[in-house]
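# Survey of secondary and tertiary structure
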Amino acid sequence: QVQLVESGGGLVQAGGSLRLSCAASGRTFSDSTMGWVRQAPGKEREFVAAIRWDGYTSYADSVKGRFTISRDNARNTVYLQMSSLKPEDTAVYYCAARGGRTYRNDRNYYTTQSSYPYWGQGTQVTVSS
């Protein structure tokens, strides 16, 4: 089993920044692919970003250039640095994990939410205009 705990959400003005953290426990973190997914009110969950064991990353077009995903394997933690936030970024942000070292770089591997078996409880991010 893998446990994921998100933190760092909150209320921020448009144009501001926030950093989300996701602490993982329960299995080998360093080989896992970690992802961030968000869900806005009344909308389906949306892939945001993912990071492979070696630092390879994938981003949704809507956040590319504004968000940065990173990981600290020594701390079993993945981060999502969010800058230039917009009201449309308002959502609950979920951390997700899938195990096993991969060398794949096809986008679908990272964006397919059903391929992530482990999920956190989510953290609310609200961006005011």
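Numbering of residues starts from 1 in each chain and follows the order in which that chain's sequence is written. The predicted nature of this model means local features are confined to residues of pLDDT at least 70 and side-chain atom pairs, given and counted, to a pLDDT of 80 or more, with totals for whole chains, interfaces and linings taken over all residues. By convention in this description, side-chain values take in all heavy atoms of the structure and omit both hydrogens and water.

## Considering the overall build of the chain
Let me state the cut-off plainly: For helices the rule is a DSSP run of H or I covering at least 4 residues; for strands it is a run of E covering at least 2, with both sets numbered from the N terminus onward. The globule rule used here is 2.2 Å times the number of residues to the 0.38 power, and the radius of gyration it is set against is calculated over C-alpha atoms. Think of it in three bands: with a 1.4 Å probe and only protein chains considered, a residue is buried below 20% of the maximum accessible area for its type, exposed above 50%, and partly exposed in between.
Helix and strand counts for the chain come out as one helix and 11 strands. Along its sequence from the N terminus, the chain presents helices and strands in the succession β-β-β-β-β-β-β-β-β-α-β-β. Computed over the C-alpha atoms, the radius of gyration of the chain is 14 Å, within 12% of the 14 Å expected from 2.2 N^0.38 for a compact globule of 129 residues. With the principal axes as the frame, the chain shows a C-alpha extent of 40 × 25 × 25 Å. Residues counted as buried form 46% of the 129 residues belonging to the chain.

## Comments concerning the state of the cysteines
Selection rule: Here, a disulfide means two cysteine sulfur atoms that sit within 2.5 Å of each other.
Summed over all chains, the structure comprises one disulfide. The disulfide that involves Cys 22 links it to Cys 95, with 2.1 Å between the sulfurs. The sign of the -80° torsion about the S-S bond sets the Cys 22-Cys 95 disulfide as left-handed. On the criterion of sequence distance, the pair formed by Cys 22 in strand E3 (residues 18-25) and Cys 95 in strand E9 (residues 91-98) is long-range, its members being 73 residues apart. For the pair formed by Cys 22 and Cys 95, the shared burial category is buried.

## Comments concerning the pairing of strand E11 (residues 123-128)
What counts here: At least two bridges found by DSSP between two strands are what make those strands a pair.
Covered by surrounding structure in E11 are Thr 123, Val 125 and Val 127 only, the residues Gln 124, Thr 126 and Ser 128 on the alternate face being uncovered. In terms of strand pairing, E9 meets E11 through three bridges, oriented antiparallel. Residue Tyr 93 lies in a different strand from E11, and its bridge partner there is Thr 123.

## Looking at unusual backbone geometry
Positive phi, close to 55°, is recorded for Asn 76, a residue that is not glycine. The class for Asn 76 is partly exposed, based on a relative accessible area of 28%. For Ser 84, which is not glycine, the phi dihedral falls at a positive 50°. Mapped onto the secondary structure, Ser 84 falls in the loop between strand E8 (77-82) and E9.

## Digging into the nonpolar core
Under the convention used in this document: Each nonpolar core is a collection of buried residues, namely Ala, Val, Leu, Ile, Met, Phe, Trp, Tyr and Cys, held together in the definition by side-chain atoms within 4.5 Å. A contact between two residues is defined here by any heavy atoms of the two lying within 4.5 Å.
Core analysis: the biggest nonpolar cluster contains 36 residues, and Leu 4, Met 34, Trp 36, Leu 80, Met 82 and Tyr 93 have the highest contact counts within it. When contributions to this core are tallied by element, the ones reaching two or more residues are E3, strand E4 (33-39), strand E5 (46-51), strand E7 (67-72), E8, E9, helix H1 (107-111) and E11. Met 82 has contacts with Gly 16, Ser 17, Leu 18, Leu 20, Arg 66, Phe 67, Tyr 93 and Val 125, leaving out every residue within four places of it along the chain.

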